[in-house]
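# Per-entry structural report
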Amino acid sequence: MKSNIISDFTVKRDENKCIKCEVCVRQCGFECHQYDKEHDVVLTDETKCAGCQRCVTYCPTNALEIKPRDLGYRTNYNWSKERITDIIKQAETGGMILTGMGSDKPHPVYWDKLLLNASQVTNPSIDPLREPMELRTYIGRKPDQLEIKDREVITQLAPNFRIEMPVMFSAMSYGAVSLNTMESLARAATEFGTTFNTGEGGLPTELRKYGKNAVVQCASGRFGLDVEYLNTGIMVEIKIGQGAKPGIGGHLPGEKVTQKVAETRMIPQGSDAISPAPQHDIYSIEDLSMLICALKEATNYTKPISVKIAAVHNAAAIASGIVRAGADVVVIDGIRGSTGAAPKVIRDNVGIPVELALAAVDTRLRKEGIRNHASIIIAGGIRSSSDVVKAIALGADAVYIGTAALIAMGCALCQKCYTGTCNWGICTQDPYLTKRLNPDIASRRLVNLLRAWEHEIKEMLGGMGINSIESLRGNRLHLRGVDLHKWELDILEVEGAGN
Amino acid sequence: MGARYTRSGRSWKLNMNTLTIDRQINTGVECVKLDAKGKHYTVLNQELRKAVANGAKNIEIYNVHGQRYIGTNLYPYDVANLHIKVFGTPGNDLGVFLNGPKIEVFGNTQDAVGNTMNAGEIVVHGNTGDILGYGMRGGEIYVKGNVGYRVAIHMKQFRDKVPAVVIGGAMQDFFGEYMAGGIVVLLALEMPEDHRHSSFVGTGMHGGKIFIRGNMESEQIGKEVGVTEPTEDEYRVINKYVSKYCAYFGNYQPEDIMKDKFIKLYPKILRPYGNIYAY
């Protein structure tokens, strides 16, 4: 069947500048560029272009320019290019439209409508260059009260772990991302003093040495999950849902299930790695409690157990159930959360913004008097240090960053993660592509990002007259809303600006 | 042979009198005895852990009544040749994440036996509940009687690490769903013909093998699943597990079971859901 799809991008090659070095041919895993020896010319098939800008970045003579392409149809507000293209694609294949990364739809970003406070006259701001500023955070269950006898704490404390800044790397599984990507995250987390997250693909043996900084996941596919793996990590995370695809499972495409991935996941090479939609031993809060307790038994009560859910309509009630089921950490992943592969219709339409879910969950747990029983970590669309500060003020204990970390490593948000052809060597298992990501360089870029955010967070805290992130946690008086409806301000429990 | 089971309502109940407990215990081997009566699972499992830490290789737990996670918390002790005998009815998640020991249950068990187990053996002299062997990565499970829903789903294997589940009685729906590896043998002993009502067998299967004694209707089986007769080699594999089953439970002779025909369920394609997406 002749495809009616018009390419997403136009690729313009300046023939005067092109020296036919074939860098673009080699760099493009999608095989857009081909060198025609006979006519000594580099030809381009635009329909294959993902817009990842790899060839543009690496072209030594700046001969290439890639731009999004308009369909050229008559302008129609109702029928955007994306809608038309999707329908053509479905008419030609009969399949669900797959996509990668977080939703690119204009869901409201409440971080941009929340503004931070600063000290003026009535209390002094603090200069972080001159005074100590504490961002250190402990993740895990906190006691209801502390009993102290002879200057010693005698209360039995639940396991907690320490991170130097309330920013952790999001779950990215081995299989979805390359081993080099995981190693970069692991090394950066270890150097900085935070954690990376194995996702559900297991922890390859090479990376077990970074276990003290690893959050290990237990998801529905139970890939790579044995008792040694559970005891290697610093925390065990039960993944119930993901912000990019709430309520559905995952199919890691067979192209990415190489021998090494097959070995770690214990599935046939080349098969799709199927993660069922629910965990089949969890059909209720009571069942969740069963798995939480099983993981605590398996790790002999030495590690906090976290439960990750997608931000959905009843997130607050669900979170309350999770905490009562015995979880030490609740993770909420919002609708802007990212993924390696998800049906686009789910990614763009299911779930709610994480800011509203966070505010609702924090409020609910405080009202029920169980907020201290669990830390709250949020994920899904944390783009900058100010998002982190606002999240902490709304009630989060820490945030996960995924897309930000990927961009630091080179990701160009082309949303083609599900193809297994990532020209930046991140979301692929093709050895020709994975070696493009050098863990020495990528981990350095990640640590740089964390250091930069650390400075910025300290400046923002200092400006508010606060010298410890603990004093900001759940302190919504430091936030003011702009351009928000009353119902939104009510849920966020934030005053409008000027109040 | 029907005398070994008495039918009560819809479920098959084990007749405790026929158990060969006396033969199994008091063999003169030094063993640690634990009494589970009235104990919370955390207490019982700590006692078990302590016994294993002290080097016990034979442990018997009596009066078990719903205690969960037995055998789970033995990391990182040496569990080679560790044999735990459980008398009573253990609770959910018996041997979850099990990593080496052998657990023998003289009684029925509840849900999620051998959940995500990695190595070792679980032998149940009775019936079990749902989700037995979910995500199982290695080791073997033998069940004398029937099992519940969603049994042996998403089992895995890699190279020579092939988990196996052998069931004497009947299964319920979603048997062997999403299977990515491993071997399941269903002997369907004591199962009246009208009892074969389970559906969605092997739905989403993309690895491993299911062997069933007798036949199945095509509408009972997931659409991703192919049905064929086992090869000679596969009959030898079945015989290996059947022999072990008979040795454990002593209710049948392997020849009596092996004289019947088996069917093999196998995944027709590696990527059952590969064609539901548009790239």
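Procedures and definitions
Residues numbered from 1 in each chain as written. Chains lettered and ligands numbered in written order. Predicted model: local features only at pLDDT ≥ 70, side-chain atom pairs only at ≥ 80, totals over all residues. Heavy atoms only, no water. Pairing = 2+ DSSP bridges. Helix = DSSP H or I, 4+ residues; strand = E, 2+ residues; numbered from the N terminus. Buried < 20%, exposed > 50% of the residue type's maximum accessible area, 1.4 Å probe, protein only. Contact = heavy atoms within 4.5 Å. Core = buried A, V, L, I, M, F, W, Y, C linked by side-chain atoms within 4.5 Å. Buried area = accessible area lost by both parts, 1.4 Å probe. Salt bridge = Lys/Arg side-chain N within 4 Å of Asp/Glu carboxyl O. Polar contact = N/O pair within 3.5 Å; in protein donor to acceptor, adjacent residues only side chain to side chain. Nonpolar A, V, L, I, M, F, W, Y, C, P; charged D, E, K, R; others polar. pLDDT = per-residue confidence, 0-100. Phe/Tyr/Trp six-rings, centres within 6.5 Å; stacked < 30°, edge-to-face > 60°. Lys NZ or Arg CZ within 6 Å of the ring centre and 35° of its normal.

Moving on, we get to the sheet that holds strand β5 (residues 96-99) of chain A. Read from one edge to the other, the open sheet built from three strands follows the order β19(A)-β5(A)-β14(B), with strand pairing classed as mixed. The strands lining the two open edges of the sheet, one partner per strand, are β19 (342-343) of chain A together with β14 (277-278) of chain B. Direction of pairing for β5(A) relative to β19(A): antiparallel, over a ladder of two bridges. Along β19(A), the bridge assignment pairs A:Thr99 with A:Ala342.

Another point: the pairing of strand β10 (residues 180-186) of chain B. Residues and elements named next belong to chain B. Burial within β10 is extensive, with seven of its seven residues counted as buried. With four bridges connecting them, strand β9 (residues 164-167) and β10 associate as parallel partners. Within the sheet, the bridge partner assigned to Val165 lies in β10 and is Val184. In terms of strand pairing, β10 meets strand β11 (residues 207-213) through five bridges, oriented parallel. Each bridged residue has a counterpart across the sheet, and for Ala180 the counterpart in β11 is Gly207.

A word on the side chain of A:Glu454. Residue and element names in this part refer to chain A. Position of Glu454 among the secondary structure elements: in helix α14 (residues 439-464). By relative accessible area, Glu454 is classed as buried at 15%. Every residue in contact with Glu454, bar those within four places of it in the chain, is listed here: Leu135, Met165 and Phe192.

Ranked by size, the top nonpolar core spans 126 residues in total, and within it A:Phe169, A:Phe196, A:Ile378, A:Ile401 and B:Phe97 carry the most contacts. Top contributing element to this core by residue count: α14(A), with ten residues. Ranked by size, the runner-up nonpolar core spans 49 residues in total, among them B:Ile84, B:Leu98, B:Val184 and B:Leu265.

Here we take up the interface of chain B and chain A. Interface size is commonly expressed as the accessible surface area that is lost when the partners come together. Each partner contributes residues to the interface: chain B has 45 residues there, and chain A has 52 residues. Buried area between chain B and chain A, summed over both chains or domains, comes out near 4200 Å², and the portion from carbon and sulfur atoms is 61%. When residues of chain B are sorted by the area they lose upon contact with chain A, B:Phe97, B:Tyr277 and B:Tyr279 head the list and together hold 17% of the total. In this structure, B:Arg271 and A:Glu255 form a salt bridge, with 3.4 Å as the shortest nitrogen-oxygen distance. Along the contact surface separating chain B from chain A lie 21 residue pairs in polar contact (both at pLDDT 80 or more). With five residues, the top contributor of residues to the side of chain B that touches chain A is helix α2 (residues 41-53) of chain B. For the side of chain B that touches chain A, the per-class residue count stands at 19 nonpolar, 16 polar and ten charged. Here two bridges tie β5(A) to β14(B), and the two strands are oriented parallel to one another. Of the residues in β14(B), the one forming a bridge with A:Ile97 is B:Ala278.

This paragraph deals with the confidence of the model for chain B. All names here are of chain B. For chain B, the average pLDDT comes to 87, and 87% of its residues sit at 70 or higher. Of all helices and strands in chain B, the one with the weakest mean pLDDT is strand β1 (residues 5-8) (36), whereas strand β8 (residues 140-143) scores best (98). A low-confidence stretch, residues 1-27 stays under pLDDT 50, and its non-local contacts, those more than four residues away or across chains, total 51 contacts. Our summary of model confidence lists the complex with pTM equal to 0.93 and ipTM equal to 0.90.

Let us look at unusual backbone geometry. Between B:Tyr75 and the following residue, B:Pro76, the backbone shows a cis peptide bond with an omega angle of 0°. Located in the positive-phi region is A:Gln53, a residue other than glycine, with phi close to 65°. Its place among the elements puts A:Gln53 in the loop between β3 (41-44) and α2 (54-58).

Residues and elements named next belong to chain A. Burial analysis of helix α8 (residues 315-324) places seven of its ten residues in the buried class, which makes it a mostly covered element. Within the span of α8, buried status applies to Ala315, Ala316, Ala319, Ser320, Gly321, Ile322 and Val323. In this structure, the buried side of α8 is in contact with α7 (285-298), β17 (305-310), β18 (329-333) and α10 (354-367). A positive phi of about 110° marks Gly326, the residue just after α8.

All names here are of chain A. One open sheet accounts for three strands, arranged β6-β22-β23; its pairing is mixed. Either end of the sheet is taken by a strand with one partner, and the two such strands are β6 (114-116) and β23 (495-496). Pairing geometry for strand β22 (residues 479-481) and β23, over two bridges, is parallel. Counted as the bridge partner of Arg480 is Glu495 from β23.

Next up on the list: the packing of aromatic side chains. According to the stated counting rule, one finds nine aromatic pairs over all chains in the structure shown. For the pair B:Tyr41 and B:Tyr69, a centre-to-centre distance of 4.9 Å together with 80° between the ring planes defines the contact as edge-to-face. Of the two residues, B:Tyr41 is situated in helix α2 and B:Tyr69 in the loop between β4 (58-65) and β5 (83-89); the sequence distance between them amounts to 28 residues. A relative accessible area of 14% means that B:Tyr41 is categorised as buried. An angle of 5° between the planes, with centres 4.8 Å apart, marks the rings of B:Tyr62 and B:Phe87 as stacked. In this pair, B:Tyr62 is assigned in strand β4 and B:Phe87 in strand β5, connecting sequence segments 25 residues apart. In this structure an aromatic cluster arises from ring pairing among B:Tyr142, B:Tyr245, B:Tyr248 and B:Phe249. A cation sits over an aromatic face here: A:Arg54 above A:Trp424, 4.7 Å from the ring centre. For the cation-ring pair, A:Arg265 lies above A:Phe223, with the distance from its terminal atom to the ring centre recorded as 4.9 Å.

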